Amino acid sequence: MAYLKRILALLLCVSMLFCLFSCGKEDKPEEPQEPDNGNDAAMENFDPYPYADLGVFMDLPDYKNITIPKATLDAMIDDTVMTMIDEKGLYIQTFDRAVINGDKVRIDFVGMLDGQAFSGGTASDYELIIGSNSFIDGFEDGVIGMEIGDVKDLPLRFPDSYHEPTLAGKEVVFTVTLDEIWYAPELTDEICKANTPYQTAKEYLDTLKTDCVFQYAYEKLLQQCKIKAYPDEYTEYYQQFVDFFTAQASDYSVTLEDFLQNYGNYFVNYGIYGGMTTAEFYRVAENYAESNLVNDLLMYSLLRAEGIEVGGDEYKTATARLEAEYGMSYDELIMKYEANSVIISILNIALANRLVGYVQVS
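Described below are features of the structure shown in this document. (Residues numbered from 1 in each chain as written. Predicted model: local features only at pLDDT ≥ 70, side-chain atom pairs only at ≥ 80, totals over all residues. Heavy atoms only, no water.)

### Concerning the side chain of Asn195
Here is step 1 of the chain: Positionally, Asn195 belongs in helix α7 (residues 189-195).
Here is step 2 of the chain: Here the side chain of Asn195 touches Ile191 through a polar contact of 2.9 Å, landing on its backbone oxygen.
Here is step 3 of the chain: Residue contacts for Asn195: discarding those within four places in its chain leaves Met84, Lys88 and Leu90. (Helix = DSSP H or I, 4+ residues; strand = E, 2+ residues; numbered from the N terminus. Polar contact = N/O pair within 3.5 Å; in protein donor to acceptor, adjacent residues only side chain to side chain. Contact = heavy atoms within 4.5 Å.)

### Quick notes on the environment of Gln360
Here is step 1 of the chain: When you line up the elements, Gln360 lands in strand β7 (residues 359-361).
Here is step 2 of the chain: Judged by its relative accessible area of 48%, Gln360 is partly exposed.
Here is step 3 of the chain: Along the sequence, Gln360 and Pro69 sit 291 residues apart, while their C-alpha atoms lie 8.6 Å from each other.
Here is step 4 of the chain: Apart from the residues lying within four places of it in its own chain, the contact partners of Gln360 are Ile66, Thr67 and Ile68. (Buried < 20%, exposed > 50% of the residue type's maximum accessible area, 1.4 Å probe, protein only.)

### Comments concerning the environment of Ile346
Here is step 1 of the chain: Secondary-structure assignment places Ile346 in helix α14 (residues 339-355).
Here is step 2 of the chain: Spatially, the C-alpha atom of Ile346 lies 8.7 Å from that of Val310, the residues being 36 residues apart in sequence.
Here is step 3 of the chain: Not counting chain neighbours up to four residues away, the residues in contact with Ile346 comprise Tyr315, Ala318, Thr319, Leu322 and Tyr330.

### A look at the packing of helix α8 (residues 201-224) against α14
Here is step 1 of the chain: Contact pair α8 / α14: the axes reach a minimum separation of 9 Å and the direction vectors enclose 90 degrees. In terms of orientation, α8 and α14 fall into the roughly perpendicular class. Contact residues: Thr210, Phe214, Ala217 and Leu221 in α8; Asn348, Leu351, Ala352, Asn353 and Leu355 in α14.
Here is step 2 of the chain: Considering only residue class, the contact of α8 with α14 consists of 6 nonpolar, 3 polar and no charged. (Axes fitted to C-alpha atoms, helices over the stretch in contact; angles between N-to-C directions. Parallel < 35°, antiparallel > 145°, perpendicular 65-115°, else oblique. Nonpolar A, V, L, I, M, F, W, Y, C, P; charged D, E, K, R; others polar.)

### Focus on the pattern of salt bridges
Here is step 1 of the chain: The tally for this structure, following the rule as stated, stands at 14 salt bridges.
Here is step 2 of the chain: Among the salt bridges present, the one from Lys104 reaches Glu127, with a minimum N-O distance of 3.1 Å. Within this pair, whereas Lys104 is found in strand β3 (residues 104-113), its partner Glu127 is found in strand β4 (residues 116-129), the two being separated by 23 residues in sequence.
Here is step 3 of the chain: Given a relative accessible area of 45%, Glu127 falls into the partly exposed group.
Here is step 4 of the chain: In this structure, the salt-bridge partner of Arg354 is Glu306, at a minimum N-O distance of 2.7 Å. With Arg354 in helix α14 and Glu306 in helix α11 (residues 278-306), this pair connects stretches of sequence that are 48 residues apart.
Here is step 5 of the chain: Of the residues examined, Arg354 reaches a relative accessible area of 25% and is grouped as partly exposed.
Here is step 6 of the chain: Salt bridges sharing partners connect three or more residues here, namely Arg106, Asp125, Asp179 and Glu180. (Salt bridge = Lys/Arg side-chain N within 4 Å of Asp/Glu carboxyl O.)

### Let's talk about the pairing of β3
Here is step 1 of the chain: Most of β3 sits out of view: 7 of its 10 residues are buried.
Here is step 2 of the chain: Note that β3 and β4 share 8 bridges and pair antiparallel. By the bridge assignment, Phe109 is partnered in β4 with Ala123.
Here is step 3 of the chain: Here β3 folds back onto β4 in antiparallel fashion, the turn holding 2 residues, of which Asp114 has a positive phi close to 55 degrees.
Here is step 4 of the chain: As defined by bridge partners, β3 adjoins strand β6 (residues 171-183) across 9 bridges and the pair is classed as antiparallel. Bridge pairing links Asp108 to Thr177 in β6. (Pairing = 2+ DSSP bridges.)

This is how it looks when you write it as structure tokens:
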């Protein structure tokens, strides 16, 4: 699982609903058109502080006293680099050594529960980056040391909190066959210049460090946030989530209950899984609404505490970075992603630069 997709800000601070509604769009931007209201008008219409009194709803945690372990930061940066190398097709195939951490492998596997293959536990020609933490604990570690052609049984245990209740806490055995191995090339200035918006490896890694420190700190702060009162936006988030999946069920010409039963596993990233009940679905909607609300309250509280505003020098610097990351102008970004989403992302790039200055690396 990658920590960053292009940039952290767009992942953290554009709500999950935005991801839901935009998931069908192509990555390639549409042919740019003249914006309806333009750059200045979009900024003028944006309300950077939509909540009159943030303190009524949530107290701002101590954001100036956070420490990130160096090993954790290094792992986050490495994961992001591996994702970029994979997306750009830069992995190099090897035939003469065993798997090590950071390699990409092609495997076949069969998962057995009580001697029977379980749903979703079998795959062929599956490509996996070792160290990406894509599988349950122990799976990727078990592949390390295997050579091409090896077959290995991995006795593992699903976590108690696993999203699929029939597997949560259960002991299983995965039989893994290793088919191919690729390794990541050394990160050079040439690779970065050709595959990222940055001219050197140092510039690229420095930017990743800022992003990863911000993500770590932001997630720690999210964990500390406690809602004291719920504004109207909570109900809006809840209803948006319910309406989206109700519409999905309608598209399949089935009831919501049947949709969850038969198609839920296609939406596990949103807390949905096959066979869940409607009561469980509504609890997920509540969690979705609360998590988005907490994110909003924290983001706006930090922006207000740091005095970061639309249109200032920090905003202009952050805008340039967003344009470089996406290879699009500000107006093109607004045409594709909507003005508020783009402005929030820019504000959070500026916020990241501020916040990392308070975080200590130990």
